[in-house]
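Architecture and fold: a report
If you want the building blocks of each chain, they are given just below.
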Amino acid sequence: MKFGDFVEVNPLVSLGRKKEYSFVEMANVAPGYRFVEPGQKRVLKGSGAKFEDGDTLFARITPCLENGKIAQVERLEGAVGFGSTEFFVFRGKEGVSDSDFVYYLSLSDAIRLPAQKSMTGASGRQRADIEAIKNIDLSFLDNLSLPNQKQLASVLSNYDFFLKNNSRRIAILEEMAQSLYREWFVHFRFPGHEQAKFIDSMMGQVPYGWQIISASKAIQVNPKTKLAKEGEKPFVPMSGLSEDSMLIGDIQMKSGNSGAKYMNGDTLFSRITPCLQNGKIGYVQYLDEVNPVGFGSTEFIVLRETELLTSEFIYLLARSMPFRENAIKSMTGATGRQRVQNACFDSFKLALPPKALLEKFTESVQPMFKSIFNLTRRNENLKQQRDMLLPKLISGQIQL
């Protein structure tokens, strides 16, 4: 049996032109996570992959396919939607295959490796060939009945259930930290604010005694950090930064030391368009005693704590829209390759809280940061366990 006989490939989905539907772009797909939800709604003008809830979206372009951008779509408004033209869409075939099993099958090397080998096209824009994928031999599944497919998918789904649950907890913790930052340092509703005296300043009304200071004086911008060229060290590419959380992924071990160098507690702030506009900002807390310094993309600006501001405050400040907008306004360069100018940190002013209040804030948010890190590590372990089990279940090495 061939893949094309087992799976509905790019099934027909009827959508009306010039109507608005849920839209999933490539950036919404997180490698290693089963489910993807639409990031927005768009008007369908003609092109784009069309799909239904439960369909598998399979990236066909490099490096998205190699990075594992494969996910099962859910929460589409009206249960239908469309997305990037760079998705293939796979669905279970009635009476033959189960859609959940199709997702796990697509995730396995049995499909991914032949798909990668089929890629053709100009360097950097290579795409998988759908006819080659349809012809992948699935004879090893000949004896796997539909009920057994569902049973196998159910076992693997347990891992993804915990991954999803942990991811929601991470999102809640990050929102709690950001809300507390806004409440205390943007709206000035910190503990005891009722008794505080407010005075006029270049930033408007601020608490009496809070010094107005430039960000460049309160934060170390691109501090010098030594890192030997020899040996492999943790490296983070731009793809490792999330657009909506502090999480850092796609960590690789590389030799050399070219690029931004950072330590635990540093904030990695993307400086190039459209990464900064998209919110690519990360907080480093994964380094250990063996590798206390890492390096990454030359397009990172490293922000480090000082005696005036803690690392948690700096990350949350960097995530705030006024800080990002100030940096975005400073961008110069050719269209599509514009970069932040470091002088923007001189022009950005902030009201420096008293040390005691800053310490109290740090005591409140630090456990949230640590919990996010611990949940992230749990998710990495869950993904490893699932991915070890996946090929053995698919190939029949482990019988249920």
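Residues numbered from 1 in each chain as written. Predicted model: local features only at pLDDT ≥ 70, side-chain atom pairs only at ≥ 80, totals over all residues. Heavy atoms only, no water.

What about the layout of surface pockets?
The calculated volume of the second largest pocket comes to roughly 270 Å³. Forming the walls of the second largest pocket are 14 residues, and the residues nearest its centre are Leu144, Asn148, Leu393, Gly396 and Gln399. When contributions to the lining of the second largest pocket are tallied by element, the ones reaching two or more residues are α5 (146-185) and α10 (355-395). Looking at the lining of the second largest pocket residue by residue, the classes come out as 8 nonpolar, 6 polar and no charged. (1 Å grid on protein atoms, 1.4 Å probe; cavity = no way out; pocket = protein on both sides within 12 Å on 5 of 7 lines; lining within 4 Å. Points joined across faces, edges and corners; volume = space filled by probe spheres on them. Helix = DSSP H or I, 4+ residues; strand = E, 2+ residues; numbered from the N terminus. Nonpolar A, V, L, I, M, F, W, Y, C, P; charged D, E, K, R; others polar.)

Structural notes on the UniProt feature "domain: Type I restriction modification DNA specificity" (unreviewed entry) in the chain
Mapped onto the present numbering, the UniProt feature "domain: Type I restriction modification DNA specificity" (unreviewed entry) falls on residues 224-355. Measuring from the first to the last C-alpha atom of residues 224-355 gives 26 Å, for a span that is 17% helix and 22% strand. (UniProt positions renumbered as here; feature names shortened; annotations may be inferred.)

So, the sheet that holds strand β17 (residues 267-270)
The strand order β13-β20-β17-β18 describes an open sheet built from 4 strands, whose pairing is antiparallel. Here the strands that pair on one side only, and so sit at the sheet edges, are β13 (220-221) and β18 (281-283). Bridging between β17 and β18 involves 3 bridges; their strand directions are antiparallel. Its bridge partner being in β18, Thr267 is matched across the sheet by Tyr283. (Pairing = 2+ DSSP bridges.)

Observations concerning the packing of α5 against α10
Two elements in contact, α5 and α10, have axes separated by 9 Å at closest approach and are oriented at 165°. Taken together, α5 and α10 sit at an angle that is classed as roughly antiparallel. In the crossing of α5 with α10, the sense of the turn from one axis to the other is left-handed. (Axes fitted to C-alpha atoms, helices over the stretch in contact; angles between N-to-C directions. Parallel < 35°, antiparallel > 145°, perpendicular 65-115°, else oblique. Left-handed = near helix turned anticlockwise from the far one by under 90°.)

Observations concerning the nonpolar core
Counting 46 residues, the largest nonpolar core has Phe269, Leu303, Leu309 and Phe323 as its most contacted members. Of the residues forming this core, the biggest block, 8 residues, is contributed by α10. Those residues in contact with Phe323 that sit more than four places away from it in its chain are Ala215, Phe269, Leu303, Leu317, Ala318, Phe345 and Phe348. Formed by 31 residues, the second largest nonpolar core is a distinct cluster that contains Phe101, Leu105, Leu138 and Leu141. (Core = buried A, V, L, I, M, F, W, Y, C linked by side-chain atoms within 4.5 Å. Buried < 20%, exposed > 50% of the residue type's maximum accessible area, 1.4 Å probe, protein only. Contact = heavy atoms within 4.5 Å.)

Some points on the packing of helix α7 (residues 311-319) against α10
Close contact between α7 and α10 brings their axes to 9 Å; oriented N to C, the two are set at 75°. Relative to α10, α7 is oriented roughly perpendicular. Contact residues: α7 offers Glu312, Phe313, Tyr315 and Leu316, while α10 offers Leu358, Phe361, Thr362, Val365, Gln366 and Phe369.

A short note on the packing of aromatic side chains
Counted under the stated rule, the structure contains 25 aromatic pairs. Among the aromatic residues, those joined into a ring-pair cluster are Tyr181, Trp184, Phe185, Phe188, Phe190, Phe198, Trp210, Phe313 and Phe361. Lys164 extends its terminal NZ or CZ atom over the ring of Phe35, reaching a point 4.6 Å from the ring centre. (Phe/Tyr/Trp six-rings, centres within 6.5 Å; stacked < 30°, edge-to-face > 60°. Lys NZ or Arg CZ within 6 Å of the ring centre and 35° of its normal.)

Observations concerning unusual backbone geometry
Note the cis peptide between Thr62 and Pro63, where omega equals 0°. Position of Pro63 among the secondary structure elements: in the loop between β6 (56-59) and β7 (70-73). Non-glycine residue Phe188 carries a positive phi angle of around 55°. Here Phe188 is to be found in the loop between α5 and β10 (198-199). With a phi angle near 50°, Asn222 is a residue other than glycine that sits in the positive phi range. Residue placement: Asn222 occurs in the loop between β13 and β14 (233-236).

Some words on the side chain of Ser97
Within the secondary structure, Ser97 is located in the loop between β9 (87-92) and α2 (99-107). Overall, Ser97 belongs to the buried group, its relative accessible area being 6%. In terms of polar contacts, Ser97 uses its side chain to reach the backbone amide nitrogen of Lys93, at 2.7 Å. Leaving out residues up to four positions away in the same chain, Ser97 has contacts with Phe6, Val7, Gly92, Val102, Leu146 and Gln149. (Polar contact = N/O pair within 3.5 Å; in protein donor to acceptor, adjacent residues only side chain to side chain.)

Focus on the sheet that holds strand β8 (residues 80-83)
A sheet is described by the order of its strands in space; here 4 strands give the open sequence β4-β2-β8-β5, paired in mixed fashion. Of all the strands in the sheet, the pair left with one neighbour each is β4 (40-43) and β5 (49-52). Within the sheet, the average angular offset between the axes of one strand and its neighbour, ignoring direction, is 45°. Taken together, the 4 bridges between strand β2 (residues 20-24) and β4 define a ladder with antiparallel strand orientation. Looking at β4, one finds that Phe23 is bridged to Gln40.

Comments concerning the environment of Ser239
Mapped onto the elements, Ser239 comes out in the loop between β14 and β15 (252-254). Since its relative accessible area comes to 43%, Ser239 is described here as partly exposed. As for Ser239 and Asn67, which are separated by 172 residues in sequence, their C-alpha atoms are 9.7 Å apart. Beyond its immediate chain neighbours, meaning those up to four positions away, Ser239 contacts Asp250 and Lys280. Within the local environment of Ser239, its side chain forms a polar contact with the side chain of Asp250, the two groups lying 2.6 Å apart.

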